[in-house]
Amino acid sequence: MIGIKGPRGAGKTTLMLQHLKFTLQKSHVNGLYVTADHPWFYKNNLLDTAMDWFQQGGQVLLIDEVHKYPNWSRELKNIYDGLPQLQVIFSASSALDIYRGESDLSRRVISYTLPGLSFREYLKLSEVGDFPSFSLEDLQKRHREISQEVISKIRPLPYFEKYLSRGYLPIFVEGENEYGSKLEHIINTVVDTDLAYISSYNAGTAAKVKKLLGVIAESAPFKPNIASISAKLGISRDRIVEHIYQLKDAKILNILLAQGKGVSRLQKPDKLYLENTNLSFAINSSPDIGALRETFLLNQLLNAGHEVFEPKKGDFWVNGITIEVGGKNKSPKQVLNEGEYLIASDEIESGWGAKLPLWLFGFLY
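Residues numbered from 1 in each chain as written. Predicted model: local features only at pLDDT ≥ 70, side-chain atom pairs only at ≥ 80, totals over all residues. Heavy atoms only, no water.

**Considering the sheet that holds strand E3 (residues 60–64)**
- Read across the open sheet, the five strands follow the order E2-E3-E4-E1-E5; overall the sheet is parallel. Each edge of the open sheet is held by one strand with a lone partner, namely strand E2 (31–35) and strand E5 (110–113). For this sheet, the mean angle separating the axes of adjacent strands, direction not counted, is 15°.
- Taken together, the four bridges between strand E1 (residues 2–6) and E5 define a ladder with parallel strand orientation. Note on E5: the bridge partner recorded for Gly-3 is Ser-111.
- Running over the sheet, helix H3 (residues 46–55) touches E2 and E3 and is turned about 150° from E3. (Pairing = 2+ DSSP bridges. Helix = DSSP H or I, 4+ residues; strand = E, 2+ residues; numbered from the N terminus. Axes fitted to C-alpha atoms, helices over the stretch in contact; angles between N-to-C directions. Contact = heavy atoms within 4.5 Å.)

Written out as structure tokens, the structure reads:
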């Protein structure tokens, strides 16, 4: 059993339909695609549907948006145990923790996350250029060589600017002019629908969560004063922290904890960022450029699988390296005595020494 999680609009449904059309059909494997919020399930359940499909010769069952089906984890467990020859592939909201389901799925599911596009993937999907990905160590040691290779084929900065505002989700190929309104719709759907299914929100709670998101977006990167937000929104402090982590799970926020802290859902985050730069433009039409740079870098590092913390000096600490983010004239004076460091500079095509272009971090995955 395979579970695919990821933000809305990242391409989970498209990925499943492509697998059905281009892999299963061409291999003569009988696959069936269903979406868990279809009216069919008003009178039919997942287990009976799976059994009927298997009896008709079905080999693979693809279930989209499984979090919208009541008792999803119990029925998936029963399908897995009762129909061992039927492969199940399901997609789910990023906010869904499949290991916290009411029935034990942890030993039954291989879980994958489909993130939004990296800058490298955006260039490929835009048919601008096809480049390999590089590790953080590659960027640290060979950034000048790598950036020269890229700029010998394209001028990256204009594309990078477009990516920051409308390139994180592959829906940009459907039309850049509609991208902003589609992103606003995604944010509303995540809070009003996805989190409502998973966290039993009511309309009043959803409205407060949107207000909380607005407060954070106004001044991201945001050092939260939980007591102040609690008084402003009329929600208890514990609930504020809970909502922040739910928005993180839903891929609306990224959380930064101070270096040396353990990760716990009970502790107050040290800094909050929107999950990606496109959200910054959707919520605030003129986002701060400094905040955009930090939001981009944190997003790409996290999506590449790195653990990132807030250092005492500088912006981010990852793999023993302190990273300071800024414009083309950013100096290293703030982090000179912090051991290994990198300066991630915007508005430059190529770097030197410990200074490398910010856009190059978009080649991490």
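**Examining helix H9 (residues 203–218)**
- An ideal rise of 1.5 Å per residue puts 22 Å on 16 residues; H9 measures up with 23 Å between its terminal C-alpha atoms.
- Considered for burial, the residues of H9 that qualify are Thr-205, Ala-206, Val-209, Leu-212, Leu-213, Val-215, Ile-216 and Ala-217. (Expected span 1.5 Å × (residues − 1). Buried < 20%, exposed > 50% of the residue type's maximum accessible area, 1.4 Å probe, protein only.)

**As for H3**
- Burial in H3 covers these residues: Leu-46, Thr-49, Ala-50 and Trp-53. Summarising the axial view, the buried residues of H3 lie within an arc of 100°, below the 170-degree limit, and thus occupy one face.
- Buried residues along H3 sit in contact with E2, helix H2 (40–43), E3 and helix H4 (72–82).
- Its side-chain oxygen placed 3.3 Å from the backbone nitrogen of Leu-47, Asn-45 serves as the N-cap of H3. (Arc of directions from axis to C-beta. Polar contact = N/O pair within 3.5 Å; in protein donor to acceptor, adjacent residues only side chain to side chain.)

**Details of unusual backbone geometry**
- Even without a glycine there, the phi angle at Asn-71 is positive, about 60°.
- Structurally, Asn-71 can be placed in the loop between E3 and H4.
- A positive phi angle is found at Asn-319, which is not glycine, with a value near 55°.
- Its location among the elements puts Asn-319 in the loop between strand E9 (316–318) and strand E10 (321–326).

**Here's the deal with the side chain of Glu-310**
- Its location among the elements puts Glu-310 in strand E8 (residues 309–310).
- A polar side-chain atom of Glu-310 sits 2.9 Å from a polar atom in the side chain of Lys-223.
- The contact partners of Glu-310, leaving out residues within four places of it in the chain, are Lys-223, Leu-256, Leu-257, Ala-258, Gln-259, Asp-270, Lys-271 and Asp-315.

**A closer look at the nonpolar core**
- Counting 77 residues, the largest nonpolar core has Leu-297, Phe-316, Ile-323, Phe-361 and Phe-363 as its most contacted members.
- Leave out the neighbours within four places in its chain, and Leu-297 touches Phe-316, Ile-323, Val-325, Ala-344, Leu-358 and Phe-361.
- Of all hydrophobic cores here, the second largest spans 23 residues; its members include Ala-36, Trp-53, Tyr-69 and Leu-105. (Core = buried A, V, L, I, M, F, W, Y, C linked by side-chain atoms within 4.5 Å.)

**Structural notes on the environment of Phe-54**
- By secondary structure assignment, the location of Phe-54 is in helix H3.
- A relative accessible area of 27% means that Phe-54 is categorised as partly exposed.
- Residues Phe-54 and Glu-75, 21 residues apart in the sequence, show an inter-C-alpha distance of 15 Å.
- Excluding residues that lie within four positions of it along the chain, Phe-54 makes contacts with Leu-83, Gln-85 and Leu-86.

**What to know about the pattern of salt bridges**
- All told, the structure shown has 20 salt bridges when counted by the stated rule.
- The closest approach of N and O atoms between Lys-141 and Glu-137, which form a salt bridge, is 2.8 Å. Within this pair, Lys-141 and its partner Glu-137 are both found in helix H6 (residues 136–151), separated by four residues, close to a single helical turn.
- Its relative accessible area of 61% is what places Lys-141 among the exposed residues. (Salt bridge = Lys/Arg side-chain N within 4 Å of Asp/Glu carboxyl O.)

**So, the packing of H9 against helix H11 (residues 237–249)**
- At a minimum axis separation of 11 Å, H9 and H11 run at an interaxial angle of 80°. On the basis of their axis angle, the class for H9 and H11 is roughly perpendicular. In this structure, H9 contributes Thr-205, Val-209 and Leu-212 to the contact, and H11 contributes Arg-239, Ile-240, His-243, Ile-244 and Leu-247.
- Considered class by class, the residues forming the contact of H9 with H11 number five nonpolar, two polar and one charged. (Parallel < 35°, antiparallel > 145°, perpendicular 65-115°, else oblique. Nonpolar A, V, L, I, M, F, W, Y, C, P; charged D, E, K, R; others polar.)

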